[in-house]
Protein chains: 2
Amino acid sequence: SAFGSVQGGEEGPDRVLVRVQDLTPEKADQLIWLRARVHTSRAKGKQCFLVLRQQQFNVQALVAVGDRASKQMVKFAANITKESIIDVEALVRKVEQKIESCSQQDVELHIERIFVISQAEPRLPLQLEDAVRPDGEGEEEGRATVNQDTKLDNRVIDLRTTTSQAIFRLQSGVCQLFRDTLAKKGFVEIQTPKIISAASEGGANVFTVSYFKTSAYLAQSPQLYKQMCICADFDKVFCVGPVFRAEDSNTHRHLTEFVGLDIELAFNYHYHEVIDSITDTMVQIFKGLRDNFQTEIQTVNKQFPSEPFKFLEPTLRLEYTEAVAMLREAGVEMGDEDDLSTPNEKLLGRLVKEKYDTDFYVLDKYPLAVRPFYTMPDPNNPKYSNSYDMFMRGEEILSGAQRIHDAQLLTERAIHHQIDLEKIKAYIDSFRYGAPPHGGGGIGLERVCMLYLGLHNVRQTSMFPRDPKRLTP
Amino acid sequence: SAFGSVQGGEEGPDRVLVRVQDLTPEKADQLIWLRARVHTSRAKGKQCFLVLRQQQFNVQALVAVGDRASKQMVKFAANITKESIIDVEALVRKVEQKIESCSQQDVELHIERIFVISQAEPRLPLQLEDAVRPDGEGEEEGRATVNQDTKLDNRVIDLRTTTSQAIFRLQSGVCQLFRDTLAKKGFVEIQTPKIISAASEGGANVFTVSYFKTSAYLAQSPQLYKQMCICADFDKVFCVGPVFRAEDSNTHRHLTEFVGLDIELAFNYHYHEVIDSITDTMVQIFKGLRDNFQTEIQTVNKQFPSEPFKFLEPTLRLEYTEAVAMLREAGVEMGDEDDLSTPNEKLLGRLVKEKYDTDFYVLDKYPLAVRPFYTMPDPNNPKYSNSYDMFMRGEEILSGAQRIHDAQLLTERAIHHQIDLEKIKAYIDSFRYGAPPHGGGGIGLERVCMLYLGLHNVRQTSMFPRDPKRLTP
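Just so you know, these numbers come straight off a predicted model, no measurement behind them.

Enquirer: Explain the overall build of chain A to me, please; I cannot follow it from the model alone.
Expert: The secondary structure content of chain A amounts to 13 helices and 18 strands. Principal axes of the C-alpha set define a box for chain A whose edges measure 90 × 55 × 40 Å. Expressed as a percentage of the 473 residues in chain A, the buried residues total 59%. In chain A, of all internal contacts separated by at least 6 residues, the share reaching a separation of at least 24 is 68%. Summing over all exposed atoms, chain A offers an accessible surface of approximately 19,400 Å²; the carbon and sulfur share of this is 45%. Looking at chain A, you have 57 positive and 67 negative side-chain charges, and the mean spots of the two groups are 6 Å apart.

Enquirer: Would you explain the interface of chain B and chain A in this entry?
Expert: Reports often express the size of an interface as the amount of accessible area lost when the parts come together. The interface of chain B with chain A comprises 107 residues on the first partner and 107 residues on the second. For the pairing of chain B and chain A, the buried interface totals around 8,700 Å² over both sides, and the portion due to carbon and sulfur atoms is 57%. Here chain B is connected to chain A by eight salt bridges. Linking Arg37(A) and Asp233(B) is a salt bridge whose minimum nitrogen-to-oxygen distance equals 2.7 Å. If you look at where chain B meets chain A, you find 52 residue pairs in polar contact (both at pLDDT 80 or more). Top element by residues in the side of chain B that touches chain A is helix α5 (residues 162–184) of chain B. It accounts for eleven residues. Grouping the constituent residues of the side of chain B that touches chain A by class yields 50 nonpolar, 29 polar and 28 charged.

Enquirer: Help me out: how do you make sense of the relation of the copies chain B and chain A in this one?
Expert: Two copies of the chain are present, and they differ by a rotation about an axis and a shift along that axis. When chain B is fitted onto chain A, the two copies agree to an RMSD of 0.0 Å after a turn of 180 degrees and an axial shift of 0.0 Å. The relationship between the two copies is best expressed as a two-fold rotation axis. Within chain B, the C-alpha atom positioned nearest to the axis of rotation is that of Val209(B), 2.2 Å from it. In this assembly, 100% of the residues forming the interface of chain B have copies in chain A that are likewise at the interface, indicating an isologous arrangement.

Enquirer: Honestly, the packing of aromatic side chains in this entry has me stumped. Any pointers?
Expert: Any pair of aromatic rings gets described here by the distance separating the centres and the angle formed by the planes. On inspection of all chains with the given rule, the structure shows 36 aromatic pairs over all chains. With centroids separated by 5.4 Å and ring planes inclined at 85 degrees, the aromatic side chains of Tyr427(A) and Phe431(A) adopt a geometry described as edge-to-face. The exposure class assigned to Phe431(A) is buried, which follows from its relative accessible area of 2%. When the centroid spacing of 5.5 Å and the interplanar angle of 40 degrees are considered together, the rings of Phe286(B) and Phe311(B) count as tilted. Here Phe286(B), found in helix α7 (residues 272–292), pairs with Phe311(B), found in the loop between α8 (294–303) and β14 (316–319); they are 25 residues apart in sequence, far enough to count as distant. An aromatic cluster of three or more residues is present, and its members are Phe286(A), Phe309(A), Phe311(A), Phe360(A) and Tyr452(A). Its end group placed over the ring of Tyr269(A), Arg35(B) keeps NZ or CZ at 5.1 Å from the ring centre.

Enquirer: Just to check I follow, could you spell out the sheet that holds strand β13 (residues 257–266) of chain A for this structure?
Expert: Whether parallel or antiparallel, the strands of a sheet pair through hydrogen bonds between backbone atoms. Residue and element names in this part refer to chain A. Reading across from one edge, β8-β12-β13-β18-β17-β16-β15-β14 is the order of the eight strands in this open sheet, with mixed pairing throughout. Two strands lie at the open edges of the sheet, namely β8 (188–189) and β14 (316–319), each paired on one side alone. Looking at chain direction, β8 and strand β12 (residues 236–244) are connected through two bridges and run parallel. Paired with Val188 across the two strands is Val237, which belongs to β12. Of the strands in this sheet, β12, β13 and β18 (438–444) are in contact with helix α5 (residues 162–184), which crosses β12 at around 155 degrees.

Enquirer: In this structure, what is going on with the confidence of the model for chain A? I would like to understand it.
Expert: Do not read the predicted coordinates in detail wherever pLDDT is low. Residues with a pLDDT of 70 or more make up 98% of chain A, whose mean pLDDT is 94. For this predicted complex, the interface score ipTM comes out at 0.96, alongside a pTM of 0.96.

Enquirer: Would you take a moment to explain helix α9 (residues 320–329) of chain B for this structure?
Expert: Residues lying three or four places apart along an α-helix face the same way, a consequence of the helix completing one turn every 3.6 residues. Residue and element names in this part refer to chain B. Within the sequence span of α9, burial applies to Tyr320, Ala323, Val324, Met326 and Leu327. Take α9 and look down its axis: the buried residues cluster within an arc of 160 degrees, on one side only. Buried-residue contacts for α9 involve β14, α10 (342–356) and β15 (360–364). Following α9 by one or two positions, Gly331 adopts a phi angle in the positive range, close to 100 degrees.

Reading the values: the criteria
Residues numbered from 1 in each chain as written. Chains lettered and ligands numbered in written order. Predicted model: local features only at pLDDT ≥ 70, side-chain atom pairs only at ≥ 80, totals over all residues. Heavy atoms only, no water. Helix = DSSP H or I, 4+ residues; strand = E, 2+ residues; numbered from the N terminus. Buried < 20%, exposed > 50% of the residue type's maximum accessible area, 1.4 Å probe, protein only. Contact = heavy atoms within 4.5 Å. Areas by Shrake-Rupley, 256 points an atom, 1.4 Å probe, with all protein chains shown as cover. Lys, Arg positive; Asp, Glu negative; His and termini not counted. Charge placed at Lys NZ, Arg CZ, Asp CG, Glu CD. Buried area = accessible area lost by both parts, 1.4 Å probe. Salt bridge = Lys/Arg side-chain N within 4 Å of Asp/Glu carboxyl O. Polar contact = N/O pair within 3.5 Å; in protein donor to acceptor, adjacent residues only side chain to side chain. Nonpolar A, V, L, I, M, F, W, Y, C, P; charged D, E, K, R; others polar. Least-squares fit on C-alpha atoms with pLDDT ≥ 70 in both. Phe/Tyr/Trp six-rings, centres within 6.5 Å; stacked < 30°, edge-to-face > 60°. Lys NZ or Arg CZ within 6 Å of the ring centre and 35° of its normal. Pairing = 2+ DSSP bridges. Axes fitted to C-alpha atoms, helices over the stretch in contact; angles between N-to-C directions. pLDDT = per-residue confidence, 0-100. Arc of directions from axis to C-beta.

Take a look at the structure:
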């Protein structure tokens, strides 16, 4: 038979399936097999025009009553719903006029056999072409766009868009570049537990888990475990894994579960060795994306236009006092030891971009008062600390510090912060048997992807985002 | 000063620190700086002998009253506790007789200056040399070994042993080999949520999380999300991340939290395409370990002797019926559709090893009755299914299957398994808009490392293991 429905699994035909992206004029006049989705379908008299799609690639195809196809077969083809998956045998034909609406512009397929592998339901909860339409475009013609909740509620379809495919392929690249760079630098990958017995960083904003007959918590960061590995002679470690924050923040940049790219390393004499390691890793990521993910970047830009991401080598490092001076010059009133508000961080990002032409920089030497108890004070000025944040397009993507590696000093600082010593005993005890000076930081993967691409909501760069109001899909 | 205590952090000296492993006769008569731990220390009259350690490498060092050191300095050195971290300036000297007890056998260090970077408390909760002693060795001399709970309770020290360093460097290698192999095959890395709204696989053995004003669960596997990505055209995906099982199993191979190496892919015509993809990935891991981690394997073998891990290319694939026949021939009584007990899995592993000389194989075509509802039935024999387990040294490391990709068949199978359809609605709905035939599986990282190295407890290959009785450190 030349058409029908089949179910894959066992003893299938021994066919070579061609990829859509390989359908070029070199394949002209060849008979090929192809598996693809029905992207669009339009019946017109004795013909049916289809656009067949594989990820971001698509090609025009035609079933026409004649030598190659019966009337029944054209009817069968016309009834295949959009987003169904089909196998076709078709003749590749060069076209005289470029097909502007397809990625494969120089050929079309003349279908001789067509089989449905998986039929989609006729009513789709959203249309792919609506989901990739830039805001505002086609408004006059009454064209719809799709709001974010509808997209997220129907993520299986939304992830098929060219924009989503590009975002998450780029995200996969960020993880790979992060790990490859660190592996080359001699870092060891570690796996840290997510279920923990005590909320080591104070106890606020932590999810509780029922653990057999007792309670446990979800780790807010792998920091303690990274530090234990440093105390256990692993020297330089990294981990990639989920991080949980029970914060009721409903903003464009907060998730309750995100992916942390975490680094910790022993240093010899100056904590700037740590900063340099991290900034160089970020620079390698930026370069890798620039050099290997241009297609993905351009695809996302079509729907969400943004300026190319700029960075310097070596990375710009500003001290906190310099930042405060720049903000004051711009009219902001703030004290020397005040923390930066989110709007001030954004403003500072714009000022830095104007002055230094970079979208990425490090802010070093935060006031001691605004940092956690385990942060090493600046030995030269007790009002400040050996700690830093990193920013992309004016938004924080990493917070880090030299950690106190001396149990006695750590105890003093915990008391100063009025932390219950009993609760952090295991943490402090980790430093009692010889601990090298060390520091590190944690990067939010979704934020890095969002800000690199110039997007405006972290839910766009989380495949299945979790926030206080969203637990599905 | 030639000795004292210092704290790293800012404005340290501009020294080049040499690595212990680079201390070879070529460095003889050079004055070098070194940072290391005091592995052992022995004062003897006007001399103090130290062994200095960096991870698995160590070197003998000497402070002796004379031109290079004062009486006070020798006394200072003798008082430095074991496991403290020190900086030394020392002259490298060739030795006439090899120092058998050290990794650097041809040189020793004559210390001229010595500074304590971090002093360890004088009483260590365990001794490193006890923690690496093979079971039974030195029993007659009254030498101690350290039991597993003591090791795990003091993991920061236990992880410093040569055995632990080797295990977790090899584990880091397994992850890297897994990802690199799949990236080369065109797989995309995905990040799946760990907090989920419904216990999709039935609801047993699942941890509950308090989620703001409602409840949620910890994901028992990323399977649903991997499958959604396949339905969303990602074609081939993998993920590495924590997996949670609220199972009250206190065995050598169960953890409540472990690291899952997960794979899912669309296939064209036969689910063996999936099996071949996974077994080839495992073979690449085994080859990478064999070729690049011999030092680590040998180090672990010193404490825990085992036979080298054997595998075949291509991987042996047995059908379930063949396995049942082999077991029956060995005297086991079991029905055709009975599941394999753990002892029978082990016995089968021995029988397969004898017959085929491999420690790794696939068992294919499990009885449908013993597999989850989403498993694709064998179209040729409804008693069996398109599902498989993989085994290393007779223990299961992966369970996988072709998944049902048709919403209607999935519904029928769920009803047959008496599963509440309302609870798995989102799962079933994922397949309503066109889904390609696909399959996959999940590998337990800790089990792979344990079985590859021939270890006998999965807690040895989990840095900070979690079981029903252990939540710390």
